[in-house]
Amino acid sequence: MGELCDLESGPRMVAVTGKGGVGKTTCSAATAVHLAETGQRTLLLSTDRSPSLSDILETDVFGEITSVDGVDGLDAVEMDYDAIREKWKETYGEDIYRVFSSFVSVGEEVIDYVAEAPGIADEFMLGYILEYFEGDVYDRIVWDTAPAGGTIALLEAQERFYDHLGQAPKIYADLRSLASGDLKKRPATLFEEWRELSADCLSMVQGPDTTFVVVTIAEGLGVNETDRIIDDLERHDLGVQRVVANKVLEDVGADDCKHHRERAAMHAEYLEVLEDRYASEYGVATIPQLPREVKGLEAIETVSDHLFESAD
Ligand SMILES: Nc1ncnc2c1ncn2[C@@H]1O[C@H](COP(=O)(O)OP(=O)(O)OP(=O)(O)O)[C@@H](O)[C@H]1O
Ligand SMILES: [Mg+2]
């Protein structure tokens, strides 16, 4: 199976990953537009720290969920990490301060210190996705992830965070006996809350309602990176739905110039490698190299047609 037609009826969240610059945001937008056009309320969100969703959609979607003109039922957002950290501080800041200040003499700057800890922003970014994943506002979520390494690192950080918090109740139960004054929220309770959130985020991405689409290009580096990504996804128990070979040069004939013939031959060669490795297990979909960049709804719909047109 090549196309993504089986995505039309699930799973709930489609996460799009791949090497930098291969067309993740383009494929995410094309998938989200198509799902919305099948009548499903769809949220397209990007967690890339240098996102380009607003450019592709030609609508400013930074920081706030915004409806996309021209597609009923489609909302989009580029996540604003600073805003997410602020929201986290609003939710937990006071508790953090109380917990720390009951042990040692610290000022409220401890809240910023904890909020800057590695993994916290990612943790709460996932928590934000979880709200929509568990809520009933959207039928489908399409997640444009950061370039591959970042997504996996995020999940590894998530697993480490989870393991780390597993130790917390023990340690903080001991510390509690040293604490002076009343604690509004016991440290163990606070850390247990985080651990639960962390566990829920992991089950969200590892569960059957999330699937990964790996976008690549039919070139040597693209193929090698795809091998690494699929290996990482499988190692973390993440479901892979399809491999998408993007920007494939097609329909090049004997009359075309040498440059194009050579590139088309190279793409055909690497496409065969991708098909040998992944066609039977996951399927390989292809999108041709379009004459122009993919910008605006019409161009996005052209990509959707390639991804969702039926083979028969
Ligand atoms: N099939 C295609 N034909 C022509 N141009 C394409 C195609 N797919 C994507 N592009 C163009 O390639 C560029 C990169 O695409 P995109 O931004 O979707 O990649 P990305 O993987 O999200 O990149 P990043 O890793 O930087 O987030 C864009 O200019 C886009 O318009
Ligand atoms: Mg992108």
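Residues numbered from 1 in each chain as written. Chains lettered and ligands numbered in written order. Predicted model: local features only at pLDDT ≥ 70, side-chain atom pairs only at ≥ 80, totals over all residues.

In the nomenclature of an unreviewed UniProt entry, the protein corresponds to Arsenite efflux ATP-binding protein ArsA from the organism Natronobacterium gregoryi. Check the Sequence similarities (unreviewed entry) section of the UniProt entry for the protein; it says "Belongs to the arsA ATPase family." (UniProt positions renumbered as here; feature names shortened; annotations may be inferred.)

1. Points about the overall build of the protein
Scanning the protein for helices and strands turns up 10 helices and eight strands. A burial count over the protein gives 36% of its 312 residues as buried. Considering only contacts in the protein between residues 6 or more positions apart, those separated by 24 or more positions represent 74%. (Helix = DSSP H or I, 4+ residues; strand = E, 2+ residues; numbered from the N terminus. Buried ≥ 20, exposed ≤ 12 C-beta atoms within 10 Å, placed from the backbone. Contact = placed C-beta atoms within 7 Å.)

2. Some remarks on the sheet that holds strand E1 (residues 13-18)
In space, the eight strands of this open sheet follow the order E3-E4-E2-E5-E1-E6-E7-E8, with mixed pairing throughout. Each of the sheet's edge strands pairs with one partner strand only, and the pair in question is strand E3 (66-67) and strand E8 (284-288). One ladder, built from two bridges, connects E3 with strand E4 (residues 74-78); its direction is antiparallel. Across the sheet, the residue bridging to threonine 66 is alanine 76, located in E4. Contacting E1, strand E6 (210-217) and strand E7 (240-248), helix H8 (residues 220-235) runs over the sheet at an angle of about 165° to E6. (Pairing = 2+ DSSP bridges. Axes fitted to C-alpha atoms, helices over the stretch in contact; angles between N-to-C directions.)

3. Quick notes on helix H5 (residues 120-134)
Taking 1.5 Å per residue, 15 residues should reach 21 Å; H5 reaches 21 Å between its end C-alpha atoms and fits that length. Within H5, the full set of buried residues consists of Asp122, Glu123, Phe124, Met125, Leu126, Ile129 and Phe133. (Expected span 1.5 Å × (residues − 1).)

4. Considerations on the nonpolar core
The biggest cluster of nonpolar side chains holds 69 residues, and the ones touching the most others in it are Ala29, Leu45, Ala76 and Trp143. Leaving out residues up to four positions away in the same chain, alanine 76 has contacts with Leu44, Leu45, Leu53, Leu57, Val61, Thr66 and Val68. (Core = buried A, V, L, I, M, F, W, Y, C linked by C-beta atoms within 7 Å.)

5. Let's talk about the site of ligand 1
With respect to spatial proximity, 18 residues lie near ligand 1, and among them Lys24, Thr25, Thr26, Leu290 and Glu293 are the closest. Secondary-structure elements contributing two or more residues to the shell around ligand 1 are helix H1 (24-37) and E7. For the shell around ligand 1, the leading source of residues is H1, giving three residues. Residues of the shell around ligand 1, tallied by class, amount to five nonpolar, nine polar and four charged. (Near = placed C-beta within 6 Å. Nonpolar A, V, L, I, M, F, W, Y, C, P; charged D, E, K, R; others polar.)

6. Quick look at the packing of H8 against helix H9 (residues 258-278)
The interhelical angle for the contact between H8 and H9, taken along N-to-C directions, is 15°, at an axis separation of 10 Å. One element, H8, and the other, H9, form an angle in the roughly parallel class. Both H8 and H9 take part in a crossing whose hand is right-handed. Residues Gly220, Val223 and Thr226 of H8 form the contact with H9, whose participating residues are Tyr270, Val273 and Leu274. For the contact of H8 with H9, the per-class residue count stands at four nonpolar, two polar and no charged. (Parallel < 35°, antiparallel > 145°, perpendicular 65-115°, else oblique. Left-handed = near helix turned anticlockwise from the far one by under 90°.)

7. A closer look at H9
Between its first and last C-alpha, H9 extends 30 Å over 21 residues, near the 30 Å set by a 1.5 Å rise per residue. Listing the buried residues of H9 in full gives His267, Tyr270, Leu274 and Tyr278. Angularly, the buried residues of H9 cover 75° about the axis, an arc narrow enough to put them on a single face. Across H9 from its buried face, at more than 90 degrees, point the exposed residues Lys258, Ala265 and Asp276. (Arc of directions from axis to C-beta.)

8. With respect to the packing of H1 against helix H10 (residues 297-308)
Contact pair H1 / H10: the axes reach a minimum separation of 8 Å and the direction vectors enclose 80°. Between H1 and H10, the crossing angle belongs to the class labelled roughly perpendicular. Contact residues: H1 offers Thr26, Cys27, Ala29, Ala30, Thr31, Val33 and His34, while H10 offers Ile300, Glu301, Val303, Ser304, Leu307 and Phe308. Among the residues making up the contact of H1 with H10, the classes are represented as eight nonpolar, four polar and one charged.

9. What about the pairing of E7?
With seven of nine residues buried, E7 lies mostly within the body of the structure. Strand direction decides the pairing type here: E6 and E7, joined by six bridges, are parallel. By the bridge assignment, valine 214 is partnered in E7 with valine 243. Where the polypeptide runs from E6 across H8 and back to E7, its parallel neighbour, the crossover connection is right-handed. Where E7 lies against E8, four bridges are found, and the strand directions are parallel. Among the inter-strand pairings, valine 248 is bridged to a residue of E8, identified as proline 288. With H9 bridging E7 and its parallel neighbour E8, the resulting β-α-β unit is right-handed. (Right-handed = clockwise from strand over helix to strand, strands pointing away.)

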